[in-house]
Each structure stands twice: as structure tokens, then as C-alpha cells.
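Listed here are the chains, written in short residue letters.
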Amino acid sequence: MNLLRGLAVLTLFQGIGEGISHITGIPVPGPVIGMVLLFLALQFSHTETPAWLGRTGHSLIRWLSLMFLPACTGLFFLPDISRNQWLPIAGAIVLATLLTLLLAALLMQKLMSAEGERP
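All of these numbers come straight from a predicted model, not from anything done at the bench. (Residues numbered from 1 in each chain as written. Predicted model: local features only at pLDDT ≥ 70, side-chain atom pairs only at ≥ 80, totals over all residues. Heavy atoms only, no water.)

Q: What am I meant to see in the packing of helix H1 (residues 2–24) against helix H2 (residues 30–43) here?
A: In a packed pair of helices, the relevant descriptors are the angle between the two axes and the axis-to-axis distance. Between H1 and H2, the shortest axis-to-axis distance is 7 Å and the interhelical angle comes to 120 degrees. Taken together, the axis directions place H1 and H2 in an arrangement best described as oblique. Viewed along their axes, H1 and H2 form a crossing whose handedness is right-handed. For the pair formed by H1 and H2, the contact residues are Val9, Leu10, Phe13, Gln14, Ile16, Gly17, Glu18, Ile20 and Ser21 on the first element and Gly30, Pro31, Ile33, Gly34, Met35, Leu37, Leu38 and Ala41 on the second. (Axes fitted to C-alpha atoms, helices over the stretch in contact; angles between N-to-C directions. Helix = DSSP H or I, 4+ residues; strand = E, 2+ residues; numbered from the N terminus. Parallel < 35°, antiparallel > 145°, perpendicular 65-115°, else oblique. Left-handed = near helix turned anticlockwise from the far one by under 90°. Contact = heavy atoms within 4.5 Å.)

Now the structure itself:
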């Protein structure tokens, strides 16, 4: 039952984000807006994140790789585009991976130094 409640909350925030994206026309995907709104709601609620919502998130993250399969499969059905654009696609993948690693390392370094400063 808690998993369904967590999925309902996530779907609700995704729907709100989709609505905001559609109404305002900003070029940000609705699910991204929804997750930012959920983050803000959890930050300003002055309570801990409900355990059932955390378990739902962890359950979804465990299956995250399956969510990328449709996008990867689409490349096989667009051979002309991927054949002509393989260098920009590969460059974007490499650049995004390096940028992600760099930002994750900087964030980890900052969080670890902040943790060390606490009494």
C-alpha cells in the first residue's frame, strides 16, 4: 500500500510539472519541474521525508536502467541519423560523462569538507 501511495505522490508531482511546462511553455520537461517541486515541498515541510516515499524512490532507482532502454532502442530504428551523426553523439556522451564525474567529485569533496568542520 505504501508503494502505491509513493507512486501516487510522484505521479501527482509529475502531473503538476507537466501542467506548468505546458501552460508556461518553458523548455524544461514536466517531470523535472515536478521533481524540483517535490524537492522544495520536502525541504520546506519541516518534517523528515516519509519512509514510504523513500522506499518508493529506492525501488524505482533499482530499475532505472530499464527506463533508458526505449531511448537506446530508438537509435536502431533511425540508422540514417545515427550513421551521419555518430561523432556528435559520441562526443556528447563522452562530454556529459566527464562533466557528471567532475561535478560529482566536486560535490563529494565539498560535502566531505563540510562534514569534517562539524563539531
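Q: Hey, could you run me through the packing of aromatic side chains in this one?
A: Note on aromatic pairs: each is described by the distance of the centres and the angle between the planes. Overall, the coordinates contain zero aromatic pairs when judged by the stated rule. A cation sits over an aromatic face here: Arg5 above Trp52, 4.2 Å from the ring centre. (Phe/Tyr/Trp six-rings, centres within 6.5 Å; stacked < 30°, edge-to-face > 60°. Lys NZ or Arg CZ within 6 Å of the ring centre and 35° of its normal.)

Q: Whenever I open this one, the environment of Ala8 confuses me. Can you help?
A: Residue position: Ala8 is located in helix H1. Accessibility expressed as a relative area gives 46% for Ala8, which makes it partly exposed. As a C-alpha pair, Ala8 and Leu53 span 45 residues in sequence and 9.9 Å in three-dimensional space. (Buried < 20%, exposed > 50% of the residue type's maximum accessible area, 1.4 Å probe, protein only.)

Q: Looking at this model, I keep getting lost on the side chain of Thr56. Mind explaining?
A: Here Thr56 shows up in helix H3 (residues 51–62). Look at Thr56 and you get buried, because its relative accessible area is 1%. A polar contact of 2.9 Å, which involves the side chain of Thr56, links it to the backbone oxygen of Trp52. Apart from residues no more than four positions distant in its own chain, Thr56 is found in contact with Asn2, Leu3, Gly6, Leu7 and Leu10. (Polar contact = N/O pair within 3.5 Å; in protein donor to acceptor, adjacent residues only side chain to side chain.)

Q: Before we go on, may I ask you to explain the layout of surface pockets in this structure?
A: Rolled over the atoms, a probe sized like a water molecule indicates the empty space that remains. Of the volumes computed, that of the largest pocket is approximately 210 Å³. Secondary structure elements with two or more residues in the lining of the largest pocket: H2 and H3. Looking at the lining of the largest pocket element by element, the count peaks at five residues for H2. Residue composition of the lining of the largest pocket, by class: six nonpolar, three polar and no charged. (1 Å grid on protein atoms, 1.4 Å probe; cavity = no way out; pocket = protein on both sides within 12 Å on 5 of 7 lines; lining within 4 Å. Points joined across faces, edges and corners; volume = space filled by probe spheres on them. Nonpolar A, V, L, I, M, F, W, Y, C, P; charged D, E, K, R; others polar.)

Q: I keep staring at the environment of Leu4 and nothing clicks. Help me out?
A: Along the chain, Leu4 falls in helix H1. Sequence spacing of Leu4 and Leu53 is 49 residues, and the spatial spacing of their C-alpha atoms is 9.6 Å.

Q: Would you mind showing me how to read the nonpolar core here?
A: Among soluble globular proteins, nonpolar side chains are generally buried collectively. Ranked by size, the top nonpolar core spans six residues in total: Val9, Leu10, Phe13, Leu38, Trp52 and Leu53. Mapped onto this core, the elements with two or more residues apiece are H1 and H3. Take this core: its biggest share by element is three residues, from H1. (Core = buried A, V, L, I, M, F, W, Y, C linked by side-chain atoms within 4.5 Å.)

Q: Which parts of the structure should I look at to understand a nonpolar patch on the surface?
A: A cluster of nonpolar side chains, Leu12, Ile16, Ile20, Ile26, Val28, Val32, Val36, Phe39, Leu40 and Phe44, forms an exposed patch at the surface whose accessible area comes to about 860 Å². Secondary structure elements with two or more residues in the nonpolar patch: H1 and H2. Of the residues forming the nonpolar patch, the biggest block, four residues, is contributed by H2. When you line up the elements, Phe39 lands in helix H2. (Patch = residues over 30% accessible without salt bridge, like charges linked within 9 Å, V, L, I, M, F, W, Y side chains within 5 Å. Areas by Shrake-Rupley, 256 points an atom, 1.4 Å probe, with all protein chains shown as cover. Salt bridge = Lys/Arg side-chain N within 4 Å of Asp/Glu carboxyl O.)

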